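A closer look at the structure
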Amino acid sequence: MTTIDETAAVKPLEFAVTRNLQAVAPERRAEILTNPGFGTTFTDHMVDLCWSTGGGWHRPRVQPYGPISLDPAAAVLHYGQEIFEGIKAYRHADGSIHTFRPDQNALRLQRSARRMALPELPVEYFIQSLKELIAVDGGWVPSGEDQTLYLRPFMFAKEAFLGVRPAQKVAYYLIASPAGAYFTGGVKPVSIWLSEDYARAASKGGTGAAKTGGNYAASLLPQSEASANGCDQVVFLDPDRNVEELGGMNVLFVKKDGTIVTPSSESILPGITRDSLLQLAEDRGHTVERRPVSLAEWREGVASGDIVEVFACGTAAVVTPIGTLKGEGFEDAQPQGELALSLREELTDIQYGRREDRHGWLLRLDA
Ligand SMILES: *Cc1c(COP(=O)(O)O)cnc(C)c1O
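Below is a summary of the structure that appears in this document. Sequence order as written defines the numbering, with residues in each chain counted from 1. Selection of residues for local features in this predicted model requires a pLDDT of at least 70, selection of side-chain atom pairs for listing and counting requires 80 or more, and totals for whole chains, interfaces and linings are taken over all residues. Side-chain descriptors were evaluated using all non-hydrogen atoms of the structure, hydrogens and water having been removed beforehand.

Moving on to helix α7 (residues 295-304). For α7, the set of buried residues is Leu295, Trp298, Gly301 and Val302. The arc enclosing the buried residues of α7, seen along the axis, measures out at 140°, which places them on a common side. Residues of α7 that are exposed and angled more than 90 degrees away from the buried face: Glu300, Ala303 and Ser304. Contacts from the buried residues of α7 go to β9 (190-194), β10 (233-235), β11 (250-255), β14 (307-314), β15 (318-327) and β16 (330-333). By the criteria applied, helices consist of DSSP H or I runs no shorter than four residues and strands consist of E runs no shorter than two, each listed in order from the N terminus. Just past α7, the residue Gly305 takes up positive phi, approximately 90°. Residue exposure (1.4 Å probe, protein chains only): buried if accessible area is under 20% of the type maximum, exposed if over 50%, otherwise partly exposed. Our arc is simply the arc of the directions from the helix axis toward the C-beta atoms. Here a residue-residue contact requires only that any non-hydrogen atoms of the pair lie within 4.5 Å.

Moving on: the pattern of salt bridges. What makes a salt bridge here is a side-chain nitrogen of Lys or Arg within 4 Å of a carboxyl oxygen of Asp or Glu, nothing more. Enumeration according to the criterion identifies 22 salt bridges in this entry. Among the salt bridges present, the one from Asp146 reaches Arg344, with a minimum N-O distance of 3.9 Å. You can see Asp146 sitting in the loop between α4 (123-137) and β7 (148-157) and its partner Arg344 sitting in helix α8 (residues 339-351), a full 198 residues away along the chain. Owing to a relative accessible area of 10%, Arg344 belongs among the buried residues under this scheme. Between Asp306 and Lys255 there is a salt bridge, and its shortest N-O distance comes to 3.4 Å. With a gap of 51 residues between them, Asp306 in the loop between α7 and β14 and Lys255 in strand β11 connect regions that are remote in the sequence. Residue classification places Asp306 among the partly exposed residues on the basis of a relative accessible area of 28%. Among the charged side chains, a network of salt bridges with common partners joins Lys255, Glu289, Arg291, Glu297 and Asp306.

In this section: the pairing of β16. Residues of β16 alternate between two faces, with Phe330 and Asp332 buried on one and Glu331 and Ala333 left unburied on the opposite face. Inspection of the sheet shows β15 paired to β16 by four bridges, in the antiparallel sense. Paired with Gly327 across the bridge in β16 is Phe330. At least two bridges found by DSSP between two strands is the condition for calling them paired. The hairpin turn running from β15 into β16, its antiparallel successor, is two residues long, and Gly329 in that turn takes a positive phi close to 85°.

We now examine the pairing of β14. Buried residues dominate β14, accounting for seven of its eight residues. In this sheet, β14 lies alongside β11 in antiparallel orientation, the contact comprising six bridges. Counterpart to Phe253 in the pairing with β14 is Val310. The sheet contact formed by β14 and β15 spans four bridges and is antiparallel.

Here the phi dihedral of Asp146 falls at roughly 60°; this positive angle occurs in a residue that is not glycine. The exposure class assigned to Asp146 is partly exposed, which follows from its relative accessible area of 28%. At Val318, a position not held by glycine, the phi torsion is positive, near 65°. Residue position: Val318 is located in strand β15.

Only buried residues count toward a nonpolar core. Its members are Ala, Val, Leu, Ile, Met, Phe, Trp, Tyr and Cys residues joined through side-chain atoms within 4.5 Å. With 36 residues, the main nonpolar core has Leu121, Leu151, Met155 and Tyr172 as its most contacted residues. Of all the elements in the fold, those that place two or more residues in this core are α1 (26-34), β2 (45-52), β3 (56-64), β5 (87-91), α3 (102-115), α4, β7 and β8 (169-179). Per-element tally for this core: the top contributor is α4, with seven residues. Apart from the residues within four sequence positions on either side, Leu151 is in contact with Glu85, Gly86, Ile87, Lys88, Ala89, Leu130, Leu133, Leu174, Ile175 and Ala176. Counting 23 residues, the second-largest nonpolar core is a separate cluster that includes Leu194, Leu237, Val243 and Ile307.

What follows is the structure, encoded as structure tokens:
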């Protein structure tokens, strides 16, 4: 195998573009974009790249969106060697299309890849894949309030081999799905079920910090338990009864003195939304603490009034206030404050180009 020179500039890829001859008609697309929902309709094209040991990254393509043909022995179907990302494209008032901190998603995809023994996609290729898709499907970026084009990059082991080892053939894909406002009729607080019996990932040495499908598969049963208990979402604890996250969103606590505390451990997926909100809060003079937070600290903090606001965040919903924490034998109403929604507004203003991007977080995709 050749050694990779990390300092060498990555050569831009030459994508072979095959246009979709059955692309959705502009009138029908406009109709879909008026009420796109989430994750149900997809754009006309997708991007894919192959990787193999020895061959590296090759065969960059933009092709019509459609089913993937896989050998039934493809390793991902048996051993779950898979990772993904979630990032959005925003249409600004002048019609231009931007994305938010794509370098961070690219680097996180690389960290997830390392943990799941998958190859690391160069940051440049990740960003190029977004631009290539927007070049053909830019018309799918909606312009309505709080609407986005949700971009879903993912990578999986496609080698047909039932032996257990890292796959020697891998595919990277990028698909996109128009998304409406997550909350129709205003942001409303969610209720959270405290899972006592299940973890989404092991607290030490596990895969919690990787964005990998298995963590989500592990969260589905506790999520059903949450629904059965009348809750919208589930929150996970580690074995020391420290708060982890919701399984798709990070959790933040606002203290009476303005300090924002967020759980930090190797079993939590470090969210880019969380990182960005905390940066905006620090810019406003808030102190930020990334450290373990026990369930006792949460419940006692709410009871004593030391915690004045609790919210969750992630790319899909941006910010969600937590209204209730419910568990076996208890139900704690959560205090409601202004900070979560004010940070949400500042962040989305930056994303949609309504406010100065002072941290240089936006990248234009259509130029
Ligand atoms: C993606 C994800 C998040 C949120 O991360 P963002 O970068 O803010 O979208 C939180 N938890 C888990 C488990 C995730 O997969």
